[in-house]
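Structural features, examined
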Amino acid sequence: MPSSSSSFSFGAGGGRGRGANGGGYQNLIASKMEEFTGTSDALTNACAFALCASVVGLVALKLSRKTMTMMIERSATTREQERGGGRKPKTTLKELKCPSASDDEKVTITFYYGTQTGTAERYANTLVEDAQKRYGLKQIFARAVDCEDVKPDVCEEVLSSEKCAVFLQSTYGDGDPTDGSADFCRWLEETATDGRMPDMLEDMHFCTFGLGNRSYEHFNAAAKQVDKAISGLGGKKMMKITLGDDDKSLEEDFEEFKEALWRQLEKTFQLKAEGEEGDFDVEKHSYAIRKEEDAEKVNELTKIRERKSFEMSRGSEIPTQAKPYACPIKSRKELHAGKSDRSCVHVEFDVSQCKGLTYEIGDHLGVFAENAPDVVDRVCKLLKVSKQTPMELVRRDDAPKSLLPVFPGPISVGIAVARYADVLSMPRKTAIKALASFATNKKEAKELDLLAVDKAKYHAYVADPHRSLLEVMEKFPSAVPTLGAFFGCVAGRLQPRYYSISSSPKDVTNGSGIVTATVAVVKHKTKTGRVHEGVCSTFLQNVREGDRVPVFVRKATFKLPKDVKAPVILIGPGTGYAPFRGFLQEREYLLKSKKQELGECMLFFGCRKEEHDYIYRDEMENALSEKVITSLDVAFSRDDPKKKVYVQDKIQMKAKDVYKILRSPNGAVYVCGDAKHMSRDVNRALLQVLQREGEYAIHEAEEIIRRLVVDKRYMKDVW
Ligand SMILES: Cc1cc2nc3c(=O)[nH]c(=O)nc-3n(C[C@H](O)[C@H](O)[C@H](O)COP(=O)(O)OP(=O)(O)OC[C@H]3O[C@@H](n4cnc5c(N)ncnc54)[C@H](O)[C@@H]3O)c2cc1C
Ligand SMILES: Cc1cc2nc3c(=O)[nH]c(=O)nc-3n(C[C@H](O)[C@H](O)[C@H](O)COP(=O)(O)O)c2cc1C
């Protein structure tokens, strides 16, 4: 459940506004004014107050113009905001084009990145910093460019101005590029395949680092696509594509890529290494800390920020990742029966007060969770700081780009750890390096230093057993980072988690006021014997009615066909049923309220045991009896100890009906849930159905499936 108070704020909303209710904050106001204007002069502060008041309307806590500007600017530059808020300033063509195109002395290296959760961006910024250190500013000019900024209308001009480009491309969804880089990748592919400009990039030397995960069916598909397209447009490949694998250790793959890249750059452009990148500069990658004396005051400020954030989000503004809606929980209930040893919760979010939050079936809900209270306690103990300690992060002017923007403050350390510190993921090597620099015990310092540089040791101790940062810190307790270092370069930033929305805004009972999520609670033992409790799923398992949780909606293309008579097949075992619950609500609405005639709808669901985890059983069976769906096939994988039955087996059993829909002119197939096994097995089953029922050869069946994908009649929402 939320750590401190029942509402909270992130991003810009948190830093900007102020709540009503002035009187009690007199001293606080005065000291805040003084802190930011640097003066206690009443007139200056009065002027500043007037300015702010005109901006935010009813202002209780007076802030100076400087404060306002600082807070707005600070939050307006966050990547989160860039991703979701659409407030990122438009990059001009001049800024995007290779700046030293006419300067032959210097090599400009551009690191293009396509990222969903920021890893590719972090790597691009690291490469910029390291390249600058290694070759010096006389030899090179290095820069990082977000592919999201390179719109199709400027792609040609921007890319053809490059002499040296490195592409860092992540793959998402079902082998797709990231949301932001989708247009860029599409443009590349289309331009390369139409074959009209095979020499467009003949001046460019390039190479590609893919960020992917081997357990997905289409491993590094987007990076491979970029690499092939640049080649097809005449780009000269400096080295073979590197396929980073997040399933093993992306960090190590990146390190190897970096070493190989330096060798190639030196060979291709006759660059000379002037110095090694050297040790990771902990101080540079740390925030300065603005100490707050008064914990009470900080708590008040946090509450005001949160209230304001909530009030602001009640307007018509669309909540985003940067500015989520602090949404009240309407209810939460366990979906598994008591006999089950696992948990899956149905969570209802009351969005009726937030006009800007709209959604459609198939969309995703982004949720910001908090670390569990015991995790926060353990972290604060290791940092040797009380949870109540007030603080505020400050980004120094000369901070490297890879240092993330600050989160809103002042804030207590406990709340900051709960909301922003990712301590249950594996620590990066640079985090271990930073910890080593703080270790007061020599043995610990030496061991940490070794871990940070020795690939085999890092792999054996951290990557392979999936040791979390918290575990590592507990093993080396003398390494106590400063708060600035902890938030700057030891702990990563806690990311939102996504859930396929399991309701429809047209639900006959709830209407558009409720958004629901169906959440499988992650709990498993790691190799080290530690039980990993998923951050967000555990958080949602514990929320209570009235708690406020920051959420936003991410639009998706996973929708029912426009033609309501089109026959559809829905395949969603476990929580993969989530979006289909919304689909069924929508069909019920069309059938009952709109009196429309609906096409056939086959639903395949699967779980372990009928009596344990057949979630939403009543709803599915009702939908069948009410003719919202035309068939319901449920696979129980553990009811019969001698025979495991999965959805793909049920598909085979219904091969004739499935085939009919696959070959009908407007039929569509939807798959949701596990990307690693289920969606591949289902794909195989569909191919077999085509081969058996249609007597197609395997390559013909594959072509039919490929066409269905292209026509958006075979869609997947898999993770
Ligand atoms: C588009 C999309 C839609 C989704 N829809 C749904 C949905 O409808 N329902 C649903 O339940 N989920 C859904 N998910 C998954 C969901 O977003 C979360 O990933 C899931 O709830 C787990 O998050 P968590 O914070 O609880 O777990 P995390 O703490 O993130 O852990 C998740 C997994 O990461 C691994 N892991 C991470 N750190 C460690 C560590 N230190 N040691 C060992 N293992 C570790 C484990 O394998 C663990 O199972 C969806 C994901 C996406 C991308
Ligand atoms: C929902 C989801 C889908 C993914 N799909 C793929 C995929 O199809 N192929 C692949 O190689 N990697 C896939 N990945 C792995 C990511 O590409 C990988 O974790 C990468 O490091 C993310 O980088 P980013 O932080 O820059 O976005 C997927 C990850 C998630 C969470």
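Structural data are supplied above this passage.
First, a word on scope: everything that follows refers to the structure included in this document. These numbers come from a predicted model, not from an experiment. (Residues numbered from 1 in each chain as written. Chains lettered and ligands numbered in written order. Predicted model: local features only at pLDDT ≥ 70, side-chain atom pairs only at ≥ 80, totals over all residues. Heavy atoms only, no water.)

Check the secondary structure of the chain and you find 27 helices and 25 strands. Considering the chain as a whole, with its 719 residues, one finds that 56% of them fall into the buried category. Put simply, of all contacts in the chain between residues at least 6 apart along the chain, 78% involve residues at least 24 apart. Total accessible area on the chain stands at roughly 31,500 Å², and carbon and sulfur atoms take up 49% of it. (Helix = DSSP H or I, 4+ residues; strand = E, 2+ residues; numbered from the N terminus. Buried < 20%, exposed > 50% of the residue type's maximum accessible area, 1.4 Å probe, protein only. Contact = heavy atoms within 4.5 Å. Areas by Shrake-Rupley, 256 points an atom, 1.4 Å probe, with all protein chains shown as cover.)

The immediate surroundings of ligand 1 are formed by 24 residues, with Leu424, Tyr498, Tyr499, Arg530 and Ser537 found nearest. Within the backbone of Tyr498, an N or O atom sits 2.6 Å from an oxygen atom of ligand 1. Between Ala520 and ligand 1, the recorded distance is 2.9 Å, taken from a backbone N or O atom to an oxygen atom. Elements supplying a minimum of two residues to the shell around ligand 1: β16 (497-500), β17 (514-520) and α20 (535-541). With four residues, β16 is the largest single contributor of residues to the shell around ligand 1. For the shell around ligand 1, a count of residues per class yields ten nonpolar, eleven polar and three charged. (Near = heavy atom within 4 Å. Polar contact = N/O pair within 3.5 Å; in protein donor to acceptor, adjacent residues only side chain to side chain. Nonpolar A, V, L, I, M, F, W, Y, C, P; charged D, E, K, R; others polar.)

Every one of the 21 residues lining ligand 2 counts as a neighbour, but Thr115, Thr117, Thr119, Thr171 and Asn220 are closest to it. Between ligand 2 and the protein, one listed contact pairs an oxygen atom with a backbone N or O atom of Thr171 at 2.5 Å. One of the backbone N or O atoms of Gly175 is found 2.8 Å from an oxygen atom in ligand 2. When the free accessible area of ligand 2 is taken as 650 Å², the share hidden by the protein chains comes to 88%. Every element with two or more residues in the shell around ligand 2 is listed here: α7 (119-139), β3 (164-172) and β5 (205-212). Sorting elements by how many residues they give to the shell around ligand 2 places β3 first, with three residues. Looking at side-chain class alone, the shell around ligand 2 contains six nonpolar, 13 polar and two charged residues.

Turning our attention to the sheet that holds strand β12 (residues 390-394). Judged by pairing direction, the sheet is antiparallel, and its three strands sit side by side in the order β8-β12-β13 without closing on themselves. For this open sheet the edge positions go to β8 (288-291) and β13 (411-412), each flanked by a neighbour on one side alone. Relative to β12, β8 runs antiparallel, the two sharing four bridges. Pairing of Arg290 across the sheet is with Glu392, part of β12. (Pairing = 2+ DSSP bridges.)

This brings us to the environment of Glu545. Among the secondary structure elements, Glu545 is positioned in the loop between α20 and β20 (548-554). Judged by relative accessible area, Glu545 falls into the exposed class, the value being 69%. The spatial distance from the C-alpha of Glu545 to the C-alpha of Ile329 is 5.0 Å, given a sequence separation of 216 residues. Discounting chain neighbours no more than four positions away, the residues touching Glu545 are Ile329 and Lys330.

Bringing the packing of aromatic side chains into the picture now. To describe a pair of aromatic rings, one takes the distance between the centres and the angle between the planes. For the structure shown, the criterion picks out 23 aromatic pairs. Arranged with centres 6.1 Å apart and planes meeting at 65°, the rings of Tyr123 and Phe209 form a pair that is edge-to-face. Here Phe209 lies in strand β5 and Tyr123 lies in helix α7, a separation of 86 residues in the sequence. We classify Tyr123 as buried; its relative accessible area is 2%. Owing to a relative accessible area of 0%, Phe209 belongs among the buried residues under this scheme. Summarising the aromatic geometry, the rings of Phe407 and Tyr420 are spaced 4.0 Å apart at their centres and angled 0° between planes, so their arrangement reads as stacked. Of this pair, Phe407 sits in the loop between β12 and β13 while Tyr420 sits in helix α14 (residues 413-420), and the two are 13 residues apart along the sequence. Classification of Phe407 as buried rests on a relative accessible area of 3%. Residue classification places Tyr420 among the buried positions, given a relative accessible area of 6%. (Phe/Tyr/Trp six-rings, centres within 6.5 Å; stacked < 30°, edge-to-face > 60°.)

Right, let's talk about the pattern of salt bridges for a bit. In this structure the tally under the stated criterion is 39 salt bridges. One salt bridge in this structure joins Arg143 and Glu162, with 3.0 Å as the shortest N-O distance. Remark: Glu162 occurs in the loop between α8 (152-159) and β3 and Arg143 occurs in strand β2 (residues 140-146); sequence separation between them is 19 residues. Residue Arg143 is classed as buried on the basis of its relative accessible area, which comes to 9%. In this structure, Glu703 and Arg706 form a salt bridge, with 3.0 Å as the shortest nitrogen-oxygen distance. (Salt bridge = Lys/Arg side-chain N within 4 Å of Asp/Glu carboxyl O.)

The subject of this paragraph is helix α13 (residues 373-383). Taken as a whole, α13 has its buried residues at Val375, Val376, Val379, Cys380, Leu382 and Leu383. Buried positions in α13, seen along its axis, are confined to an arc of 160° and lie on one side of it. Those residues of α13 that are exposed and angled more than 90 degrees off the buried face are Pro373 and Lys381. Elements that come into contact with the buried residues of α13 comprise α14, α18 (469-475) and α19 (483-490). A positive backbone phi angle near 55° is found at Lys384, which sits one or two residues after α13. (Arc of directions from axis to C-beta.)

This next bit is on the sheet that holds strand β22 (residues 601-607). Reading across from one edge, β23-β22-β21-β24-β25 is the order of the five strands in this open sheet, with parallel pairing throughout. Sheet topology places β23 (631-636) and β25 (714-718) at the edges, where each strand pairs with a single neighbour. The sheet shows a mean angle of 10° between the axes of neighbouring strands, taken without regard to direction. Here six bridges tie β22 to β23, and the two strands are oriented parallel to one another. Bridging from a neighbouring strand, Met602 pairs with Ser631 of β23. Packed on one face of the sheet, helix α25 (residues 655-663) meets β21 (568-571), β22 and β24 (668-673) and runs near 125° to β22. (Axes fitted to C-alpha atoms, helices over the stretch in contact; angles between N-to-C directions.)

Attention now moves to the side chain of Glu129. Among the secondary structure elements, Glu129 is positioned in helix α7. Nearest to the buried, unbridged Glu129 among oppositely charged side chains is Lys133, at 5.7 Å. Discounting chain neighbours no more than four positions away, the residues touching Glu129 are His285, Pro400, Lys401 and Ser402. (Lys, Arg positive; Asp, Glu negative; His and termini not counted.)

Running from N to C, α13 and α14 point in directions that differ by 120°, and their axes come no closer than 9 Å. As summarised for this structure, α13 and α14 are arranged oblique, according to the angle between their axes. Between α13 and α14 the crossing geometry is right-handed. Contacts between α13 and α14 involve Val376, Val379 and Cys380 from the former and Val413, Gly414, Val417 and Ala418 from the latter. Classifying every residue of the contact of α13 with α14 by side-chain character gives six nonpolar, one polar and no charged. (Parallel < 35°, antiparallel > 145°, perpendicular 65-115°, else oblique. Left-handed = near helix turned anticlockwise from the far one by under 90°.)

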